[in-house]
Amino acid sequence: RAVAMSVSHSSRLNKLVREQYVRLPQDGLVQVTYVWIDGSGEGVRCKTRTLDKEPKSIEDVPEWNFDGSSTAQAEGSNSDMFLVPVCMFRDPFCLDPNKLVLCEVLKYNRKPAETNLRHTCRKVMDLVKDSHPWFGMEQEYTLLGINGHPYGWPDNGFPGPQGPYYCGVGADKVYGRDIVESHYKACLYAGVKICGTNAEVMPSQWEFQVGPCEGIEMGDHLWMARFILHRVCEDFGVVATLDPKPMTGNWNGAGCHTNYSTEEMRREGGLKHIEAAIEKLSKRHDYHICVYDPRGGRDNSRRLTGHHETSNIFEFSAGVANRGASIRIPRQVGQDGYGYFEDRRPAANCDPYAVTEAIMRTTVLNETGVETKDYAGH
């Protein structure tokens, strides 16, 4: 029997009618959509304004403001927050010359908002820039109907067990490929450094990869890729969740595996530098778990069980080609003697600024313990 998919009402609006308006000339005026992270540390918000000419660089985009009391970032009595543009992309929804602009959020006193984790990440990346850190992050997510049930799953039950879905092909194995391919194209158009995608182990679960990116660029590009994903899903009437364990039971969770290297790791003989970095990470496991999801490790505790291709949240481990370890050294890297390694602990809903900053603090700035140093004087 045909199953009525749980999609939003707005997705059923005639998109061909919208096309007629999208193509109208703008007479030199430009729509700029400001995108920012809200008070949850996970959600993104946006609003749009008109500029009288196309901005050629981020410096051409003016600061703006918004009502922080409506995004869990301020009290109603003192609610104006500043939007400071930091990274500009082409707009794949309204098309050229329109722009998407990622912003940092500052409070009324110009101090960073609590969920503005870019602010300290940028300081740390400036300190370690001579080591040329490269990152690539693998963003897993799950497609849900607006009823909160995984998209394409039976209304009252479950699909067959995991096995045929990972990198699967066929209507009985993958759900929502149109969304995935639309997101990929939209990211390429925007200038996001997306480098791949695949169907994941749980049906309706997908992954895209962003990178390689150097320094602060990693967080900027992953956050914009997430915004574009949510916006594409809006058009299709479904929801993308970054919950690290959206379905309890014998189903894979969702992570954001983080691939990392410094210049010396990428050179001949770099394996010894990779092993030294892993040794430092092994002594600071609790600190990293605390910053690898927005709730101090509570979200990840549902995912990092030691089952379903994860390590146990309470134990640090590392190994070549081991997907059940905290840190995986790819087999090719083990053979070549240089390259990169993969931290498999970050949750799907992690803040990439927090993750990349933590890795640099531990492996390059040689911090230890659970406290972080303040480099304000640098």
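About the criteria used
Residues numbered from 1 in each chain as written. Predicted model: local features only at pLDDT ≥ 70, side-chain atom pairs only at ≥ 80, totals over all residues. Heavy atoms only, no water. Helix = DSSP H or I, 4+ residues; strand = E, 2+ residues; numbered from the N terminus. Rg over C-alpha atoms; globule rule 2.2 N^0.38 Å. Buried < 20%, exposed > 50% of the residue type's maximum accessible area, 1.4 Å probe, protein only. Contact = heavy atoms within 4.5 Å. Areas by Shrake-Rupley, 256 points an atom, 1.4 Å probe, with all protein chains shown as cover. Lys, Arg positive; Asp, Glu negative; His and termini not counted. Charge placed at Lys NZ, Arg CZ, Asp CG, Glu CD. Pairing = 2+ DSSP bridges. Axes fitted to C-alpha atoms, helices over the stretch in contact; angles between N-to-C directions. Domains from an automatic or database assignment. Buried area = accessible area lost by both parts, 1.4 Å probe. Disulfide = S-S within 2.5 Å. Salt bridge = Lys/Arg side-chain N within 4 Å of Asp/Glu carboxyl O. UniProt positions renumbered as here; feature names shortened; annotations may be inferred. Expected span 1.5 Å × (residues − 1). Phe/Tyr/Trp six-rings, centres within 6.5 Å; stacked < 30°, edge-to-face > 60°. Lys NZ or Arg CZ within 6 Å of the ring centre and 35° of its normal.

Right, let's get into the overall build of the chain. The secondary structure content of the chain amounts to ten helices and 13 strands. The C-alpha radius of gyration computed for the chain amounts to 21 Å, which stays within 12% of the reference 21 Å derived for 378 residues, consistent with globular compactness. Taken along the three principal axes of its C-alpha coordinates, the chain extends 60 × 60 × 45 Å. The buried share among the 378 residues of the chain stands at 51%. Considering only intrachain contacts with a sequence separation of at least 6, the fraction spanning at least 24 residues in the chain is 66%. Approximately 17500 Å² of the chain is accessible, and the part contributed by carbon and sulfur atoms is 51%. Counting 43 positive and 50 negative side-chain charges, the chain places the centres of these two groups 1 Å from one another.

So, on to the pairing of strand 4 (residues 80-90). Alignment of strand 3 (residues 64-67) against strand 4, held across four bridges, turns out to be antiparallel. Bridged to W64 within strand 4 is L83. In this sheet, strand 5 (residues 99-106) lies alongside strand 4 in antiparallel orientation, the contact comprising eight bridges. Across the sheet, residue R90 finds its bridge partner in strand 5, namely K99.

In spatial order, the strands read 2-1-5-4-3; together these five strands make up an open sheet with mixed pairing. The strands lining the two open edges of the sheet, one partner per strand, are strand 2 (44-51) and strand 3. Along the sheet, successive strands turn relative to each other by an average axial angle of 40°, direction set aside. Pairing of strand 1 (residues 30-37) with strand 2 involves eight bridges; the strand directions are antiparallel. Looking at the pairing, W36 lines up with R45 of strand 2. Sheet contacts for helix 4 (residues 217-236): strand 1, strand 2, strand 4 and strand 5; angle to strand 5, the most-contacted strand, approximately 115°.

Further remarks concern the domain arrangement of the chain. For the chain, the assigned domains are domain 1 (9-114) and domain 2 (125-364). Computed over C-alpha atoms only, the centres of domain 1 and domain 2 are separated by 26 Å. At the interface, 21 residues of domain 1 touch 23 residues of domain 2. Carbon and sulfur atoms supply 69% of the area buried between domain 1 and domain 2, which totals about 2000 Å² over both sides.

Further remarks concern the state of the cysteines. As enumerated under the stated definition, the model contains zero disulfides in all. With no disulfide of its own, C187 has C195 as its nearest cysteine by sulfur position, at a separation of 11 Å. Look at C187 and you get buried, because its relative accessible area is 0%. Here C350 is not cross-linked by a disulfide; its sulfur's nearest cysteine counterpart is in C256, at 4.1 Å.

Evaluation of the coordinates by the stated rule reveals 25 salt bridges. Residue K193 is joined to E217 by a salt bridge in which the shortest nitrogen-to-oxygen separation is 3.1 Å. On the criterion of sequence distance, the pair formed by K193 in the loop between helix 3 (177-190) and strand 7 (194-199) and E217 in helix 4 is long-range, its members being 24 residues apart. By relative accessible area, K193 is classed as partly exposed at 34%. According to the relative accessible area criterion, E217 is partly exposed, its value standing at 24%. Where E342 meets R344, a salt bridge forms, and the shortest distance between an N and an O atom there is 3.1 Å. Judged by relative accessible area, which is 1%, E342 ranks as buried. Assessed through its relative accessible area of 6%, R344 is described here as buried. One continuous salt-bridge network, built from bridges that share partners, spans E42, D243, R295, D299 and R302.

Look at the UniProt record and you will see "domain: GS beta-grasp" (unreviewed entry) annotated at residues 30-110. End C-alpha atoms of residues 30-110 are separated by 28 Å, and the span's content is 0% helix alongside 48% strand.

With that settled, the discussion passes to helix 4. End to end, helix 4 covers 29 Å across 20 residues, agreeing with the expected 28 Å (1.5 Å per residue, within 8%). Of all the 20 residues making up helix 4, 15 are buried; the element is thus mostly covered by neighbouring parts of the structure. Phi turns positive one or two residues past the end of helix 4, at G237, with a value near 85°.

Between two aromatic rings, the relevant description is the distance of the centres plus the angle of the planes. In the structure shown here, the tally under the stated rule is eight aromatic pairs. A centroid spacing of 4.8 Å and a plane angle of 45° characterise the contact between W153 and W251, whose relative ring orientation is tilted. With a gap of 98 residues between them, W153 in the loop between strand 6 (134-144) and helix 3 and W251 in the loop between strand 9 (239-241) and strand 10 (256-261) connect regions that are remote in the sequence. Residue W153 is classed as buried on the basis of its relative accessible area of 3%. Accessibility expressed as a relative area gives 8% for W251, which makes it buried. Each ring, one from F158 and one from W251, has its centre 6.3 Å from the other, and the planes form 25°; the classification is stacked. Linking F158 in the loop between strand 6 and helix 3 with W251 in the loop between strand 9 and strand 10, this pair joins segments that are 93 residues apart in sequence. Overall, F158 belongs to the exposed group, its relative accessible area being 55%. The structure contains a cluster of three or more aromatic residues connected by ring pairs, namely F135, Y260 and F341. Here the guanidinium or amino end of R110 rests over the ring plane of F82, the centre of that ring lying 4.7 Å away.

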